[in-house]
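Inside the fold
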Amino acid sequence: MSVRVRIPTPLRPYAGGQPAVSLSGETVRSVIDALLAEAPGLKPHLLADDGSLRSFVNVYVNGEDARSRSGLETELSDGDEIAIVPAIAGGAKDAAAEAAELSREELARYSRHLVMPEVTIEGQLRLKRSSVLLVGAGGLGSPAALYLAAAGVGRLGIVDFDVVDESNLQRQILHDTTWVGRPKLESAKARLTALNPHVRVETHSVALTRDNALELLAGYDVVVDGTDNFETRYLTNDACYFLKKPNVYGSIFRFEGQASVFWPDRGPCYRCLYPEPPPPGLVPSCAEGGVLGILPGVVGGIQATEAIKILLGVGEPLVGRLLLYDALAMRFDELKLRRDPECPLCSPKATIRELQDYPAFCGTGRGQEEEPVEEITARELKRRLDAGEDLEIIDVREPHEWAICRIEGARLVPLGSLAARMHELDSARTYVLQCRSGVRSAKALGLLRQAGFRRVLNLRGGVLAWAREVDPSMPTY
Amino acid sequence: MSGARPPVVRLRGETADAIRREAARAYPHEGCGALLGPAEGAVNETMPLANTEIGSPGTRFTVSPRDYLAAEETADARGLRLLGFWHSHPDHPARPSATDRAYAWPGLLTVVVAVDRGTPGDITAWDVPQPEAAFRPLVLEIGPVKEAR
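Bear in mind that the values here come from a model prediction, so they are computed numbers and not experimental data. (Residues numbered from 1 in each chain as written. Chains lettered and ligands numbered in written order. Predicted model: local features only at pLDDT ≥ 70, side-chain atom pairs only at ≥ 80, totals over all residues.)

Some remarks on the overall build of chain B
In plain terms, the rule: A helix here means a DSSP run of H or I that spans at least four residues, while a strand means a run of E at least two residues long, and both kinds are numbered starting from the N terminus. Counts of 20 or more other C-beta atoms within 10 Å of a residue's own C-beta define buried residues, counts of 12 or fewer define exposed ones, and intermediate counts define partly exposed ones; C-beta atoms are placed from the backbone. Here the contact rule is simple: place C-beta atoms from the backbone, and any two residues whose C-beta atoms are within 7 Å are in contact.
Within chain B, the secondary structure is distributed over 3 helices and 9 strands. Within the span of chain B, comprising 149 residues, buried residues form 50% of the whole. Residue pairs in contact within chain B that sit at least 24 positions apart in sequence constitute 64% of those at least 6 positions apart.

Rendered as structure tokens:
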């Protein structure tokens, strides 16, 4: 592989003064080795004694941090651009001056942290000056809040408006039996303050909405998403993206959990992973499907770990990776997540510029003022097509989704271009609108209705329903 | 270069003003930016950069790798040199700290501006002559900078 390596200004004197060199290699490591063979003077600046990349140096491959891929083992393609980037940082305070900021009691409390070279007094002070917002004080929020408080994060915000129910106690370990029927925030504050009086606990007894999310999240360094519904999950994701805050994601169901870190500009966001929510009712909630009580203990613990690593600035954050945990098999797996080049939120082609109407987006809104959506099931559609009826299927998904699977004969008109291409359609004809799961096509149906189309139907459940009910050989995603 | 007299860094007056303005705007956080110029020791431009420090932006600064690359690419594209970085010390003197030294790179200037209760004050310039050396104070002359030949 032939690649171009950008040499940063302070290191150019060691590389013959050139801003960039062309080299070849299969991995970042082999390219760095080739570079060091040509310019041995660079070695002490790039590599530590054990051959790993120095912590003061970042390597970017095509604009992406190699640490969020496979580090030095990241595989390269022909024409890749590698940039060596020196860490630029500093600040007014010296470690000695900072030591005075921890009391004797705090020094004793955090002594197991202070002896770790990755933490030390400097790291402990970072935690003390940091803040984390927990969205939800339930299954995931409980262990996360307890460990973040114990670790000495200076300020913990919690958003929740629920009261403690008996059915919570099987897993929501912030709350105990005596608190049943009282607000979760009160029991959380009492419990966390008792655990660590040095932590300031800020309670926000509201539902997170598009009107308050930006203001609420702006006051914190890291957000821990412990929500149990898609509306709040997309809202949290979008608000974190606009505010450029790292969003530590976790989700749980029965015996299985997931975790990742969505860190704007450093890796993918939740919408890269799931462009749209499943149709309401398709995915059972924990209330319907159940959840192993200890499962959030593991996943929430992973979320707290990631939040603390981000605040300390150590290790490899769970960016660009989806950690899958299967408690029954007792197995962890990891999926690579890439930024979706078509992501409606975080790609250069983004169409979302502000917070959305999440109840409508997730199909959970009251919708009393809306006209009922005329639906057709996959089976019925197949029957009418087989009968030779004059109807056309309009697929409103994106081209990259179309590439995965499509219904024979369907015409691709992505939702974003529908308004501009409406003249291609004939308002006298019957159209069946279709997307992945039925949410976007319902929006498309609204647009066509407004434009005077009367004979339009929405394929209930989208291609997913088609694959399930009509064509099981169709790949789904 | 290295004699009894420390090297001189020329900083264009407008650039010094821009640095002070940015530092005041960032207060009580530390502000930071890149220093560009036509030749070694001649700074005639600053690119303000975001302080992406999480946790302690009042006593620490961090330049994101993307911003570093953008500054360097801007310099290269315009035939300028990326000469170093400045940052502010809110309510601290314009002297580099041990933290500053830990991160300093030979070949890049460290320029520090003090901000006292929101009002920008002294500006000082430093460099690290060899990888393991201590900071060396430079003579900072604020005034016109000759364009590149």
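Concerning the overall build of chain A
In terms of regular secondary structure, chain A is built from 19 helices and 19 strands. Within chain A, the proportion of its 477 residues that are buried is 41%.

Focus on unusual backbone geometry
Residues and elements named next belong to chain B. With omega at 5°, the peptide bond leading from Tyr-27 into Pro-28 counts as cis. Turning to its location among the elements, Pro-28 is positioned in the loop between α1 (13-26) and β2 (32-37). Positive phi, close to 45°, is recorded for Arg-117, a residue that is not glycine. You can see Arg-117 is positioned in the loop between β7 (109-116) and β8 (119-127). When the 8 C-beta atoms within 10 Å are taken as the criterion, Arg-117 is described as exposed.

What to know about the sheet that holds strand β16 (residues 391-395) of chain A
Residues and elements named next belong to chain A. Short version of the rule: DSSP bridges decide pairing: two strands pair if at least two such bridges lie between them.
Taken in spatial order, the 5 strands of this open sheet run β15-β19-β18-β16-β17, and their pairing is parallel. Where the open sheet ends on each side, the last strands, each with one partner, are β15 (375-376) and β17 (411-412). One ladder, built from 5 bridges, connects β16 with strand β18 (residues 430-434); its direction is parallel. The residue bridging Ile-393 from the neighbouring strand is Val-432, located in β18.

Points about helix α19 (residues 462-469) of chain A
Looking at α19(A), one finds that the buried residues are A:Gly462, A:Val463, A:Leu464, A:Ala465 and A:Trp466. Those residues of α19(A) hidden inside the fold are in contact with α15 (378-386), β18, α18 (439-450) and β19 (456-459) of chain A.

Overview of the interface of chain B and chain A
So the rule is basically this: Residues are grouped as follows: Ala, Val, Leu, Ile, Met, Phe, Trp, Tyr, Cys and Pro are nonpolar; Asp, Glu, Lys and Arg are charged; every other residue, Gly included, is polar.
On the side of chain A, 28 residues touch chain B, which itself brings 31 residues to the contact. Among the elements of the structure, β5 (61-63), α2 (65-77), β6 (81-90) and α3 (98-103) of chain B are those that each provide at least two residues to the side of chain B that touches chain A. For the side of chain B that touches chain A, the per-class residue count stands at 14 nonpolar, 10 polar and 7 charged. Taken together, the 3 bridges between strand β6 (residues 88-90) of chain A and β5(B) define a ladder with antiparallel strand orientation. Looking at β5(B), one finds that A:Gly90 is bridged to B:Phe61.

A closer look at the sheet that holds β8(B)
Residue and element names in this part refer to chain B. Rules: Angular values range over 0 to 180 degrees, each being the angle between N-to-C directions of two axes fitted as lines to C-alpha atoms, with helices fitted over their stretch in contact.
Strand order in the open sheet made by the 8 strands is β3-β1-β9-β8-β7-β6-β2-β4, with mixed pairing throughout. Edge positions in the sheet fall to β3 (42-43) and β4 (45-49), since each has one partner strand and no second. Sheet contacts for α1: β1 (8-11), β2, β3, β4, β6, β7, β8 and β9 (136-142); angle to β8, the most-contacted strand, approximately 120°.

A look at the pairing of β8(B)
Residue and element names in this part refer to chain B. Of the pairings in the sheet, the one linking β7 to β8 comprises 6 bridges and is antiparallel in character. Looking across to β8, one finds that Val-113 is bridged to Ile-123. Once β7 ends, the chain turns through 2 residues before running back antiparallel as β8, passing Arg-117 with a positive phi of about 45°. Bridge analysis of β8 against β9 gives 3 bridges, and the strand direction is antiparallel. Bridge pairing in β9 places Asp-127 opposite Arg-136.

So, α1(B)
All names here are of chain B. Inclusion rule: Expected helix span is given by 1.5 Å per residue-to-residue step, counting one fewer step than there are residues. The arc in question is traced by the directions running from the helix axis to the C-beta atoms.
Taking 1.5 Å per residue, 14 residues should reach 20 Å; α1 reaches 20 Å between its end C-alpha atoms and fits that length. By the burial criterion, the buried members of α1 are Thr-15, Ala-16, Ile-19, Arg-20, Glu-22, Ala-23 and Ala-26. One side of α1 carries all its buried residues, which in axial view fall inside an arc of 165°.

Concerning the confidence of the model for chain B
Residue and element names in this part refer to chain B. Here is the rule we go by: How sure the predictor is of each residue is captured by pLDDT, a score from 0 to 100.
In this model, chain B carries a mean pLDDT of 90, and residues with pLDDT of at least 70 account for 94%. Mean pLDDT in chain B bottoms out at α3, which sits at 87, and peaks at β2, which reaches 97. Quick note on the complex model: pTM equals 0.59, ipTM equals 0.89.

Regarding the environment of A:Ala327
All names here are of chain A. Position of Ala-327 among the secondary structure elements: in the loop between β13 (321-326) and β14 (331-336). When the 16 C-beta atoms within 10 Å are taken as the criterion, Ala-327 is described as partly exposed. Between the C-alpha atoms of Ala-327 and Gly-257, which are 70 residues apart in sequence, the distance is 8.1 Å.

Re the nonpolar core
Spelled out, the test is: In these notes, a nonpolar core means any group of buried Ala, Val, Leu, Ile, Met, Phe, Trp, Tyr and Cys residues linked to one another through C-beta atoms within 7 Å.
Core analysis: the largest hydrophobic core is formed by 66 residues, its most contacted members being A:Leu134, A:Ala145, A:Leu148, A:Leu156 and A:Ala307. In terms of residues, this core owes the most to one element, helix α13 (residues 295-312) of chain A, which gives 9 residues. Once you skip the residues sitting within four places of it in the chain, A:Ala145 turns out to touch A:Leu134, A:Ala137, A:Leu156, A:Ile158, A:Leu174, A:Ala188 and A:Leu192. Counting residues in hydrophobic clusters, the runner-up holds 50 residues, among them A:Val31, B:Ala34, B:Val63 and B:Val115.

Observations regarding the packing of helix α6 (residues 120-129) of chain A against α13(A)
Residue and element names in this part refer to chain A. Put simply, the rule reads: For classification, angles of less than 35 degrees are called roughly parallel, those exceeding 145 degrees roughly antiparallel, those between 65 and 115 degrees roughly perpendicular, and all remaining angles oblique. Less than a right angle of anticlockwise turn of the near helix away from the far helix marks a crossing as left-handed, whereas a clockwise turn marks it as right-handed.
Interhelical geometry of α6 versus α13 gives an angle of 110° and a closest axis separation of 9 Å. Relative to α13, the element α6 is oriented roughly perpendicular. In this structure, α6 meets α13 at a crossing whose hand is right-handed. On α13, the residues that touch Gly-123, Arg-126 and Leu-127 of α6 are Ile-308, Leu-311 and Leu-312. A class-by-class count of the residues in the contact of α6 with α13 yields 4 nonpolar, 1 polar and 1 charged.

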